[in-house]
Amino acid sequence: MTTNREAPQTVSTIAVLACAWPALLLATVCLLPFLNKAFINDDPWFLTMAQQIVKHPMQPMDFSICWNLSVNCLRPGNALFGEEAIGYVLVPTVLGGAHEWMAHLTQLALVWIAVLAMTSLVFRFGWDRAHAITGALLLVAIAPFLPMASTAMPDILATALALVAIERLAAWKAEQKGSQGVAAAIALALAAYARPHLVLLLPLAAFFLLNSIQPREIVSQIRRKVWLWTPVIAGTVLLLAIIAATHVHSRAADSPPSVYTGTQYIRNNLHCYLMYFVFPLPLAVCWIANRLKTGRPLIVIIFTGLAVVLFLRHEHSLVLSLAIVGFGVLADLLIEALRKRDHTAVFLLLWILIPLPVVYYIQLPMKYLVPCLPAIIFLCFRLMEGFSFRVARAAAVALIVVSTGYSLLILRSDAEYAEFGRDAMFRLIQPHVAAGERVWFGDQYSAYWYAPLAGAKLTFPGGPQPKPGDLLVVGRLEAEDRSLALFPHRTLVGELTHKYRFGRTMGAGMGLYSNIGGYWLWGFGDSESDRYELWRID
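Worth saying up front: this structure is predicted, and the values here are computed from it rather than measured.

Rules of the game
Residues numbered from 1 in each chain as written. Predicted model: local features only at pLDDT ≥ 70, side-chain atom pairs only at ≥ 80, totals over all residues. Heavy atoms only, no water. Helix = DSSP H or I, 4+ residues; strand = E, 2+ residues; numbered from the N terminus. Rg over C-alpha atoms; globule rule 2.2 N^0.38 Å. Buried < 20%, exposed > 50% of the residue type's maximum accessible area, 1.4 Å probe, protein only. Contact = heavy atoms within 4.5 Å. Areas by Shrake-Rupley, 256 points an atom, 1.4 Å probe, with all protein chains shown as cover. Lys, Arg positive; Asp, Glu negative; His and termini not counted. Charge placed at Lys NZ, Arg CZ, Asp CG, Glu CD. Pairing = 2+ DSSP bridges. Axes fitted to C-alpha atoms, helices over the stretch in contact; angles between N-to-C directions. Expected span 1.5 Å × (residues − 1). Bend = angle between axes of the 7 residues up to and from the residue. Polar contact = N/O pair within 3.5 Å; in protein donor to acceptor, adjacent residues only side chain to side chain.

Caption draft 1: Local environment of the overall build of the chain. Secondary structure assignment for the chain yields 21 helices and eight strands. Its C-alpha radius of gyration of 24 Å places the chain within 12% of the 24 Å reference for a compact globule of 538 residues. In terms of its C-alpha atoms, the chain occupies a principal-axis envelope of roughly 75 × 55 × 45 Å. Sorting the 538 residues of the chain into buried and exposed places 56% on the buried side. Considering only intrachain contacts with a sequence separation of at least 6, the fraction spanning at least 24 residues in the chain is 77%. Element-wise, carbon and sulfur atoms account for 64% of the exposed surface of the chain, whose accessible area totals about 22400 Å². Between the averaged position of the 41 positive side-chain charges in the chain and that of its 34 negative side-chain charges there is a distance of 9 Å.

Caption draft 2: Structural detail: the sheet that holds strand β8 (residues 531-537). Taken in spatial order, the five strands line up as β2-β1-β3-β8-β4 in an open sheet, and their pairing is mixed. The open sheet has two edge strands, β2 (457-458) and β4 (490-497), and neither has a second partner. Bridging between strand β1 (residues 439-441) and strand β3 (residues 471-475) involves three bridges; their strand directions are parallel. The partner of V439 across the bridge, within β3, is L471. In the packing of helix α19 (residues 389-434) onto the sheet, the strands contacted are β1, β3, β4 and β8, and the crossing angle to β8 comes to about 25 degrees.

Caption draft 3: View of helix α1 (residues 13-31). The end-to-end C-alpha distance of α1 is 25 Å, a good match for the 27 Å that 19 residues give at a rise of 1.5 Å each. Considering bend angle alone, the principal kink of α1 is centred on A20 and spans about 45 degrees; proline P22 follows within four residues of it. Listed in full, the buried residues belonging to α1 are A15, V16, C19, A20, P22, A23, L24, L26, A27, T28, C30 and L31. Residues of α1 that are buried in the fold lie against α5 (100-124), α6 (129-141), α7 (145-149) and α19.

Caption draft 4: How the structure looks around the pairing of β8. Extensive coverage of β8 is indicated by the burial of six of its seven residues. One ladder, built from five bridges, connects β3 with β8; its direction is antiparallel. In the strand pairing of β8, V473 is matched with L534.

Caption draft 5: Representation of the environment of C272. Following the sequence through the fold, C272 ends up in helix α13 (residues 266-276). Taking the C-alpha atoms as reference, C272 lies 24 Å from L163; in sequence the two are 109 residues apart. Excluding anything up to four places from it in sequence, C272 contacts L364, N515 and Y519.

Caption draft 6: Summary view of the sheet that holds strand β7 (residues 518-520). Taken in spatial order, the three strands of this open sheet run β5-β6-β7, and their pairing is mixed. Looking at the sheet topology across the chains shown, the edges are occupied by β5 (506-507) and β7. As defined by bridge partners, β5 adjoins strand β6 (residues 509-511) across two bridges and the pair is classed as antiparallel. The partner of M506 across the bridge, within β6, is G511.

Caption draft 7: Looking closely at the pairing of β3. Counting buried residues along β3, five of its five residues qualify, which places the element largely inside the surrounding structure. Burial along β3 is two-sided: the residues L471, V473 and G475 and L472 and V474 are all buried.

Caption draft 8: Examining the side chain of D128 more closely. Along the chain, the position of D128 falls in the loop between α5 and α6. Residue class for D128 comes out buried when judged on its relative accessible area of 17%. Of the polar contacts made by the side chain of D128, one reaches the backbone nitrogen of A130; its length is 3.3 Å.

Caption draft 9: Seen up close, helix α16 (residues 317-340). With 24 residues, α16 should reach 34 Å at 1.5 Å per residue; the first-to-last C-alpha distance of 34 Å fits that figure. Positioned one or two residues after α16, R341 has a phi angle of 50 degrees, which is positive.

Printed below as a string of C-alpha cells:
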C-alpha cells in the first residue's frame, strides 16, 4: 500500500538507510571487481582537466588537448560544453597519483549518494518501503548506470547532484527549512556544472514547486508563496557566479565549433533518444502492460503495428521502429497527463525530456539520459499501480535481475576494451623506449593517457614532429587515419589485435559512449578497428 502522495511527506534517516542498503550492496559488489579498470575514451579529458585545476583552481578549462576530431589541439571550451564539476571531483585522484582505483572509488562514493537520495525521494513522493527498496535497486541495475560508474566521466556525478537537488527541493516544499533550500540551490547549480543539459533542472525545479498546472491556481500560489522559489533563484545565481568565476575569457573557448553541432545530427540523435525509452529503459514495457491491463490496447496496436511495417520496409529500420514506439509512449503519456491535469506526471515527463535539446549536438548516447533514470522509475511505478502486489513484485524482481545481468555484461566487456588500450600502449612502446628509440603518438582516448606513461611523446599538426627513423604508435579506434595521413612514408613495425570474448561496447555497431558509430550498449561483432599499430617513419 502507498500513502497519499499529494500530501507532504517526512522522511526518517533510519528508514532511508534500511531501504537503501540492498542497492548500496548491489552497486558495491558489482563495481569493486573493476576498481583497476583502465581509463577509457573521455576519461583522459577529465583527468587532464583535474590536473589543470591543481595548477590553477579558478581556470579549469584553460589548457589545450589534442583530440583527433579536430585537426589541431583544442581548448576544451571549444570542444565540449563545460562539465568542469567532474574535474574538481577528480582532484584528489590526481593528487594521489592518478591511479585508476582512486577515480573508481570516487565514483562509487557518488553512487552511494545517488542511491541514498533516490531512496529518500521515493519516500518524499509518498511511496512505501517496498517501492523505496525497488526504486533504489532499479536505479543501480538499469544500464548504463553501473557501466558509467566504472569510468571517470561526469554522468554519475550529474545524476547524484540531480537527485540531491530534487530530493532537497521536495523536502523544502514540504517543510520549508532553510538548510533544505540551501542544499537544493547548491545541488541545482552544480548539476548544471556537471552536465550542461541539466541547466534545464532549474526551470523544472520551478515547475515542481507548483501545486497545479491550472493557470489561475499557478498565479494564486505564486502571489501567496513567492518566497517558495528562493532555492531556484539562488541556484540560478550561484550557477552564473560559478561560470563567471571559472570562465576562460578567450574567443577560442566561447562556443563549440560547427563540427560538434548542427541540424545534420538531429535526425539520428532523435531516433536514438526515442529508442532508449524502449531499450534499455523499461518505460515502453510498463506502458504496454498498463494499456493492456486498463483495456486500451488500440494505441499499443497502432504504434507497434507502424513499427513492424517500418521494420519490414526500411534498411536499418530496427532503431527507427523502436523510435516510433518510443514516440508513441511519450506522446500518449503526455496527452494523458495534460488531459488529467496531473502535475506530478507532467513534472516526470518534463524531467525525461531534459536531454532532448542535445539532439543538436554531434552525439546523444544513452549516458546523457542517466540523470533521468529516477523519472523513468517513478513513471513505471505509476504505470504498474493497477497490478496486484504479487505481479508487480515479480515484474520488479525480474527487471532488476535482467538489468543487473545486462549491466554486468557491459561492465565485463568494457573492462576488456579498456585493458586492450592500456596493454597495447605499454607493449608497443616500452621495449623501444628502453632500447633508446623515440616513440610518438597522436591519438585520443586511452592512448592519450597511457602512451605518455609508457614513454611516448605527443605529436600534432603545428607541434613536435617525428623524424625519419622515429616510431609512431596509432590505434584504429582512436581515428588513426588522422595521424597516419601526416606521415605518408612509413613502414609497419608491429601491431596488436584483439578478439572480444564477452561481447563489446564500442565499434562494430556498439556505442556505449557515443551513438555516432553504433546504437547499442553491448553486443557481438568483429571490427577492423580492433588493432593498434607501430610504424617507423621513413
